[in-house]
Structure formats: structure tokens, C-alpha cells
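One-letter residues, chain by chain:
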Amino acid sequence: MLLEKPLMQYIFCRTKKIQIQVKCLAPFSSRRRIFHREETKDLQEDDGQDEEIPYVDIPRPGRKWERKPYPTPMKILIQRAKEEKQIRQENPCRVLVHAPENGLLVSHLIEVAHQVYTARETLLRGLAKLVDGDTAIPVKRCKFCSEVHIGHIGHEIRTCEGPRCGSRNSTHVWRIGGIRDVVGFPYCYHLLDRVGKPRVGHKERFGVQRLPAVVELCIQAGVDLKRYPTKRRTRPVYSIEGRIVDFESEAEENMTAERTFDPVHSSLPVSSNDEKEVTVSELSSRTLQSWLDMRAGAMKLMENYSVWTCGYCPAVQVGPKGHKVRLCKATKHQFRDGLHAWQEATIDDLIKPNYVWHVRDVTSPLLDNDLKRYYGKAPAIVELCVQAGAQVPKQYISMMRLDVVPPDRDEYDMVA
């Protein structure tokens, strides 16, 4: 009894001291992250290099029943909507000043649009030679899912999620693929007047042309194609209580409709002699560079020209608003009556990279399912061009895990 009270006080003070120490210490992961930053900072100071080593990993695919994450936070979107509503209330009739909201083109992006269109044409011609040419690199695609593999024989990694994948133990059934499996260009509806009639109705879906969304983005940014006519304005439009009103005369409309279209020329050499002298490695380097230029230019265009995607399905629409065609069959489409849940699109929604497993040596054994955590991934076009002889771009070195040495199959059990 005499020792019970001092003993209880000692235990209470001891536990309280331990709790204070635990609260003061950071978690192991955060401490490890801090130490890693300090180590990398010291290494950069020692080397005298200010550039940081980029570390990029493939985006984790979301679940089918979940909505895609918003590129812009919802708080910022709500704040923008409130500001636009307040501007409409203060000045219900006003002239839109900023392009392309007023129907005019952004002058410094016209050249970028032509470069993106030219890079896409260069990419397609290069892929046609790399996939279907004499020294073609085989492309494989799963019969039941969207998995793609670059190589003569498909891998053995069990990631198939197609029909009856349980009976096959999630193994893929490979078949011959093509150019569309390497780079994906989703289609959208062409807008004749992106400001006057920004939406396509459900009953108009069969009468409106469809084309790749990248081409539609280039057309709206200033590229003129005879197959897809579009209206070009010379005066800004008015906004009256949120509705767009155009006071341009009919004579000016006819002049803009009857004007000549300038053909878009490609940067590839035209003569056949120059094309014969190009080696496979040079062709792959040129094709890979055109893909990088196309993505970089499209990202610049998307900063001013809005691109929309469905939050549940891969549908894409270029323009001020999304269309009203009821073709969505994804999760919760019954509550939306088949309409798409439009949100801001990213560059991966506009130009799908189609990530594939990286194969370091074509003559090496197949990729094993037990060693898949040691293998890297890359976009299919990057993997195709690298196998053809092109150098690995700097931004994809960490994604392809070139600094990781995978163990052999008989060494798997000995690796920690």
C-alpha cells in the first residue's frame, strides 16, 4: 500500500513522457522524405547543377465506378462561376474582349496550331513505316482487353480484366495490333461555329462530321482544312445576359465562307531519294520528336481553347461546351439520361499514351509475372521508337525504370 501510490505516479509520468516524444517525432515516411530531399539537395550542390532530376511514374488507373479527378480544384471552379455571374449582373450587355471567347483567333497560337497539325501528320507517316514497313516492329494487342505490347511475343504478366479473365487466370490472349493501338486519337464532333452554336444536339448527331479531337483543336485555333469548313469572324461578338449575339452582316459571312483555304504543308522531305536514305534509327528519332512536339503544342493550345471530357467514359469534345448527345454508357448514366458528365480534360484525354511494359532486351526471356514490380512502363510510341533505335527521352527514364536491375527467375526468392 505504501509503494502503490509512488509506483502509479512513476508509471503515469513515464507514459506521458513517451507520448510527448512520439508527438514531437515525425513519421518514418515523412522523415525519410525529408532526409531524401536533403541528400538530393547536397548532391546537387556538390555537382553544381541546378536542374532537378525528373521522377515521373505512370498515373494510377482509376476504378470504373469512380469519377476522374478534376484538373482544377472545385473551389476555384466555383469561385470563377461566381465572378462570371457577378460580371453578367453588373453589365448584362457587353462586348467580349478576350479571344477566343469573342469568336476571334488567338494570334500567337495560330503558328502553334499549324505545328501541332504538321507534327501529327509526321507522326502518322513515321508510324506507318515503323509498324507496317519492311523492318516493322511487331505490335501485339490482347483479344479481350485494351492491353498493348511491343515485341514479337506477348508478355506473361497477368493483368487482363476482359471477359472470362478468371477462367484464364488473367492471362492475355495476344493478336496482331496496328497503329491505332500505339497512339490513340479519340474522335469528337466538328463545330462549324464554335461560338454561335457551341453544342451538338442529340438529334443532330448523324448530320455532324466527326474527326480526331487534336485536328478539331487545331482547326479552332487557326488551321484551315477544306474538308472541315469553319466560320472565321472579323469582329468580336456581344454577350447579352449570358447569351452570345453576333451582329456581323450576312455579306461578311458569305465572304468568310467563300474564302480560299490554305493547304497545310508537312515538314517531312518530299523527295523519295531523301526518304530512302533515312535509316530506321533516324526515322524513329524523328517520329518520337514529332510526338513530343505534338503533345507540347497541344498543351499550349489547351490553355486558351477549352477541351472537355466525360468524367466516367473516354468521350472528348473540343469547344466552349460539351455536346448533348446521349451516348454515355458508363457508371450512373441512368441518372443523367445518357448525357456525359463533362469536365475539364487533360492532355492524356486528348492524346492517349497507351502505356505498355518496357522490354530492355528483345532477345531476353518473356516478362515474368512474379517480377512485374521490377519492370517499368512507358507510352507505346516511346517504347516502339526506343526499340527501333531512338534515345530514351529524359522525362521517361525513371518511368521505364532503367536504373533498376531485375533479378532472374531463380533469384526471385532471394530478393528482399
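Being a predicted model, the structure only gives us computed values, none of them experimental.

**Regarding the packing of aromatic side chains**
Stage number 1. Tallied over the entire structure, the rule returns 1 aromatic pair.
Stage number 2. On the basis of an interplanar angle of 40 degrees and a centroid distance of 6.3 Å, the ring pair of Trp291 and Tyr396 is categorised as tilted. Taken together, the positions of Trp291 in helix 9 (residues 280-302) and Tyr396 in the segment after helix 11 (380-388) put the pair 105 residues apart, joining distant regions of the chain. Just as Trp291 is buried, Tyr396 falls in that class too.
Stage number 3. In this arrangement the basic side chain of Arg168 is found over the ring face of Phe144, its NZ or CZ atom lying 4.3 Å from the centre.
Stage number 4. One Lys or Arg, Arg210, reaches over the ring of Tyr189 and ends 5.0 Å from the middle of that ring.

**Comments concerning the sheet that holds strand 7 (residues 238-240)**
Stage number 1. Taken in spatial order, the 3 strands line up as 1-7-8 in an open sheet, and their pairing is antiparallel. Only two strands of the sheet have a single neighbouring strand rather than two, namely strand 1 (93-95) and strand 8 (243-245). Taken over all neighbouring pairs, the strand axes of this sheet differ in orientation by 30 degrees on average, direction set aside.
Stage number 2. Sheet topology note: the strand 7/strand 8 ladder contains 3 bridges and is antiparallel. Bridging across to strand 8, Ile240 finds its partner in Arg243.

**Topic: helix 11**
Stage number 1. Across the 9 residues that make up helix 11, a large majority, 8, are buried.
Stage number 2. Of the residues making up helix 11, those classed as buried are Ala380, Ile381, Val382, Glu383, Leu384, Cys385, Val386 and Ala388.
Stage number 3. Where helix 11 is buried, its residues touch helix 4 (110-132), strand 3 (148-150), helix 5 (179-182), helix 9, strand 12 (355-357) and strand 13 (377-379).
Stage number 4. Just downstream of helix 11, Gly389 is the residue with a positive phi angle, here 125 degrees.

**Comments concerning the packing of helix 4 against helix 9**
Stage number 1. For the pair helix 4 and helix 9, the least separation of the axes is 8 Å and the interaxial angle reads 145 degrees. Between helix 4 and helix 9 lies a crossing whose hand is left-handed.
Stage number 2. Residues of the contact of helix 4 with helix 9, tallied by class, amount to 13 nonpolar, 6 polar and 5 charged.

**Here's the deal with the pattern of salt bridges**
Stage number 1. In this structure the tally under the stated criterion is 11 salt bridges.
Stage number 2. Across the salt bridge formed by Asp349 and Lys68, the nearest N and O atoms sit 3.9 Å from each other. Here the residue Asp349 occupies a position in helix 10 (residues 347-350), and Lys68 occupies one in the loop between helix 2 (28-47) and helix 3 (74-90), the gap between them amounting to 281 residues.
Stage number 3. On the accessibility criterion, Asp349 (16% relative accessible area) is buried.

Rules used throughout
Residues numbered from 1 in each chain as written. Predicted model: local features only at pLDDT ≥ 70, side-chain atom pairs only at ≥ 80, totals over all residues. Heavy atoms only, no water. Phe/Tyr/Trp six-rings, centres within 6.5 Å; stacked < 30°, edge-to-face > 60°. Helix = DSSP H or I, 4+ residues; strand = E, 2+ residues; numbered from the N terminus. Buried < 20%, exposed > 50% of the residue type's maximum accessible area, 1.4 Å probe, protein only. Lys NZ or Arg CZ within 6 Å of the ring centre and 35° of its normal. Pairing = 2+ DSSP bridges. Axes fitted to C-alpha atoms, helices over the stretch in contact; angles between N-to-C directions. Contact = heavy atoms within 4.5 Å. Left-handed = near helix turned anticlockwise from the far one by under 90°. Nonpolar A, V, L, I, M, F, W, Y, C, P; charged D, E, K, R; others polar. Salt bridge = Lys/Arg side-chain N within 4 Å of Asp/Glu carboxyl O.

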